[in-house]
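# Topology and contacts: notes
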Amino acid sequence: YVSEMVGRATCDMLMHADWALNMEVVDFVNRSEEKLKESVARALSERLKYGDSHVRSLTLTLTDTCVKNCGKDFQAYLTHPTYFGKTLVNIVTGKDSAGCSEDLKNQILALILDWKNVSPDFQDAFRTLKFTHNVSFPRSESGCIPISTPPARYATKESREEEATQAAIAAI
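Attention in this report is confined to the structure presented alongside it. (Residues numbered from 1 in each chain as written. Predicted model: local features only at pLDDT ≥ 70, side-chain atom pairs only at ≥ 80, totals over all residues. Heavy atoms only, no water.)

## Let's talk about the nonpolar core
Cut-off, in case you're wondering: In plain words, nonpolar cores are sets of buried Ala, Val, Leu, Ile, Met, Phe, Trp, Tyr and Cys residues tied together by side-chain atoms within 4.5 Å. Three labels apply to residues, based on accessible area from a 1.4 Å probe with only protein chains included: buried if under 20% of the type maximum, exposed if over 50%, partly exposed otherwise in between. Working definition: helices are DSSP H or I runs of at least four residues, strands are E runs of at least two. Numbering for both runs from the N terminus. Contacts were defined at the residue level, with two residues in contact if any of their heavy atoms lie within 4.5 Å.
Of all hydrophobic cores here, the largest spans 41 residues; its most connected members are Val40, Phe74, Phe84 and Leu88. Top contributing element to this core by residue count: helix H7 (residues 102-115), with 7 residues. When sequence neighbours within four positions are dropped, the list of residues in contact with leucine 88 reads Leu48, Leu60, Ile108, Ile112, Trp115 and Phe122.

Now the structure itself:
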């Protein structure tokens, strides 16, 4: 199911990112137990190995959405066991460059720049590209805003009842 869900959100038939599908994945991750979060990270990592630049770009967009909305637990699964940063380095440096357009390369570099403070894996990817391969990074469009994911809050029946009770008490 997880691979299917990631596959739908990164389908090569999509012209652009489908934000409804991307947010469906985010909601799934935020509601899931650890094993399923790891499964989503693995599915993203596998999808990134797909040879088509368009699919890889959609995968990066979905991954960025998850990084920014699913918290540190999910981000940790991108470091281990998937080694997502290493995969990105291999794509940029040409070890896995089949299907790597210049636009995709720039998207990867911008995301590594944004994600380098998320985990040591992305910090290592940044250092490897910058200092070992002398890759120039584009200026970050986000202005290096730190990624700070607020905790997910889902309205349950109990929480809605509690809010209604609090509102009734405040009205008195």
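## A closer look at H7
Helical geometry: 3.6 residues make up each α-helical turn, so side chains three or four residues apart lie on a common side. So the rule is basically this: Any helix carries an expected span of 1.5 Å times its number of residues minus one.
With 14 residues, H7 should cover 20 Å at 1.5 Å per step; its first-to-last C-alpha distance of 20 Å lies within 8% of that length. The complete set of buried residues in H7 reads Leu104, Gln107, Ile108, Leu109, Leu111, Ile112, Leu113, Asp114 and Trp115. Packing partners of the buried residues in H7 comprise helix H4 (53-69), helix H6 (84-93) and helix H8 (120-132).

## Concerning the packing of aromatic side chains
To keep things clear, this is the line we draw: Classification of ring pairs rests on two measures: the distance between centres of Phe, Tyr or Trp rings, Trp counted by its six-membered ring, which must be within 6.5 Å, and the angle between planes, read as stacked under 30 degrees, edge-to-face over 60 and tilted in between. The criterion is that NZ of a Lys, or CZ of an Arg, lies within 6 Å of the ring centre and within 35 degrees of the ring normal, and then a charge sits over that ring.
With the rule as written, the count across this model stands at 5 aromatic pairs. Ring centres of phenylalanine 126 and phenylalanine 137 lie 4.8 Å apart, and the angle between their planes is 45°; on these two criteria the pair is classed as tilted. Of this pair, phenylalanine 126 sits in helix H8 while phenylalanine 137 sits in the loop between H8 and helix H9 (157-171), and the two are 11 residues apart along the sequence. The burial state of phenylalanine 126 is the same as that of phenylalanine 137; both residues are buried. Through pairs of rings, three or more aromatic residues link up here, namely Phe84, Trp115 and Phe122. It is lysine 116 that lies over the ring of phenylalanine 126; its NZ or CZ is 4.2 Å from the centre.

## Some words on the environment of threonine 82
Secondary-structure assignment places threonine 82 in the loop between helix H5 (71-79) and H6. Classification of threonine 82 as buried rests on a relative accessible area of 10%. Sequence spacing of threonine 82 and arginine 42 is 40 residues, and the spatial spacing of their C-alpha atoms is 5.9 Å.

## Re the environment of leucine 44
Here leucine 44 shows up in helix H3 (residues 34-48). On the basis of relative accessible area, leucine 44 is assigned to the buried category, the value being 0%. For the pair leucine 44 and phenylalanine 84, spaced 40 residues apart in sequence, the C-alpha separation works out to 8.7 Å. Once residues within four sequence positions are removed from consideration, leucine 44 is found in contact with Val6, Thr59, Leu62, Thr63, Phe74 and Phe84.

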